[in-house]
Amino acid sequence: MAGRGSLAAPLFWTSVVGGTAALWLGRPALVATGLAALLVLLRALDRPARFRRLVRRVARRHADTLALRQRQESFVDAYGNLVRDGWLREREYFVARTVLPEIENRGFSDYAEERFDEMVEIVEAVAASVDLPDETEAPDDGIGYEQFCADRLMEAGWRAHTTRASGDQGADIVAERDRVRLVVQCKRYGKPVGNAAVQEVAAASRYWSGDMAAVVTNAGFTPAARKLAAATGVLLLHHDDLPDLHPVRQIRGGRAR
């Protein structure tokens, strides 16, 4: 409906202006009017294709990140089911926050609602088109996973060590780099990690005098965990993120340290 309305107005005014000119200039103006109307029609008919190209172009600018997020937010649960809930939310978030502003600025605001699902499908296709490097298989057991994460932190230049199984006060790894101390809790799960882990590592960071706190998992995080992490300054990471993790003095308790 919106597409027909956007086509009718240009055709109407092209006809009005061209018809008026034809009264004065005759056949040449009439021919020019017909060509102008044809161009307007062709551009309108090509509009859906131009819209798809724009969405695809925006998604491709972030293709590597989208592919990585797709892998990080999808996992196999304890029953062997592929769970993609986190990735489905991520796709919609990307469309809402990154794609929609672009298409609205380029004159496609009328497509924002009626073609939302189409934009999501394009994002899915772009993410799937990226050939990521093979992921090192993370150990299934908790202690092995903790050491696996510590090794990945050491790849990033951290001096990292796992804590004792008891008395760690919620910290599985303590790491240091550039005089910044990082406290980590590791969760090798078959479901998204909830906000209890965020609470525990925030407390552990205070106990260990940490400058940064993070929960690392293979399985993504619940919306409640993300909300609490944003309020407490806790990082929520997939183990793929660890080799690129840099030291930063974070905000704790809502105040800069």
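Right above here is the structure, for reference.
Analysis parameters
Residues numbered from 1 in each chain as written. Predicted model: local features only at pLDDT ≥ 70, side-chain atom pairs only at ≥ 80, totals over all residues. Heavy atoms only, no water. Helix = DSSP H or I, 4+ residues; strand = E, 2+ residues; numbered from the N terminus. Areas by Shrake-Rupley, 256 points an atom, 1.4 Å probe, with all protein chains shown as cover. Core = buried A, V, L, I, M, F, W, Y, C linked by side-chain atoms within 4.5 Å. Buried < 20%, exposed > 50% of the residue type's maximum accessible area, 1.4 Å probe, protein only. Contact = heavy atoms within 4.5 Å. Pairing = 2+ DSSP bridges. Axes fitted to C-alpha atoms, helices over the stretch in contact; angles between N-to-C directions. Salt bridge = Lys/Arg side-chain N within 4 Å of Asp/Glu carboxyl O.

Student: I'd like a description of the overall build of the chain, backed by residues and values.
Tutor: Assigned secondary structure in the chain consists of 10 helices and nine strands. Just so you have it, the chain exposes about 14800 Å², and 54% of that area is on carbon and sulfur atoms.

Student: I'd like a description of the nonpolar core, backed by residues and values.
Tutor: Across soluble globular proteins, nonpolar side chains show a tendency to be buried alongside one another. Of all hydrophobic cores here, the largest spans 24 residues; its most connected members are Phe-51, Val-55, Leu-66, Val-95, Val-99, Ile-103 and Met-119. At the level of secondary structure, the elements contributing two or more residues to this core comprise helix H3 (47-61), helix H4 (63-72), helix H5 (85-105), helix H6 (111-114) and helix H7 (116-128). Leaving out residues up to four positions away in the same chain, Phe-51 has contacts with Ile-103, Phe-108, Tyr-111, Arg-115, Glu-118 and Met-119.

Student: Describe in detail the sheet that holds strand S3 (residues 159-162), supporting the description with residues and values.
Tutor: The strand order S3-S4-S5-S6-S7 describes an open sheet built from five strands, whose pairing is mixed. The outermost strands of the open sheet, each flanked by one partner alone, are S3 and strand S7 (235-238). Put simply, the sheet's adjacent strands are angled 25° from each other on average, direction ignored.

Student: Give a description of the pattern of salt bridges that names residues and reports values.
Tutor: Considering all chains together, one arrives at 15 salt bridges under this definition. Residue Arg-152 is joined to Asp-240 by a salt bridge in which the shortest nitrogen-to-oxygen separation is 3.1 Å. Taken as a pair, Arg-152 in helix H8 (residues 142-155) and Asp-240 in the loop between S7 and strand S8 (251-252) lie far apart in primary sequence, 88 residues in all. For Asp-240, a relative accessible area of 12% corresponds to the buried category. Between Asp-178 and Arg-177 there is a salt bridge, with its nearest N and O atoms 3.7 Å apart. Residue Asp-178 is classed as exposed on the basis of its relative accessible area, which comes to 58%.

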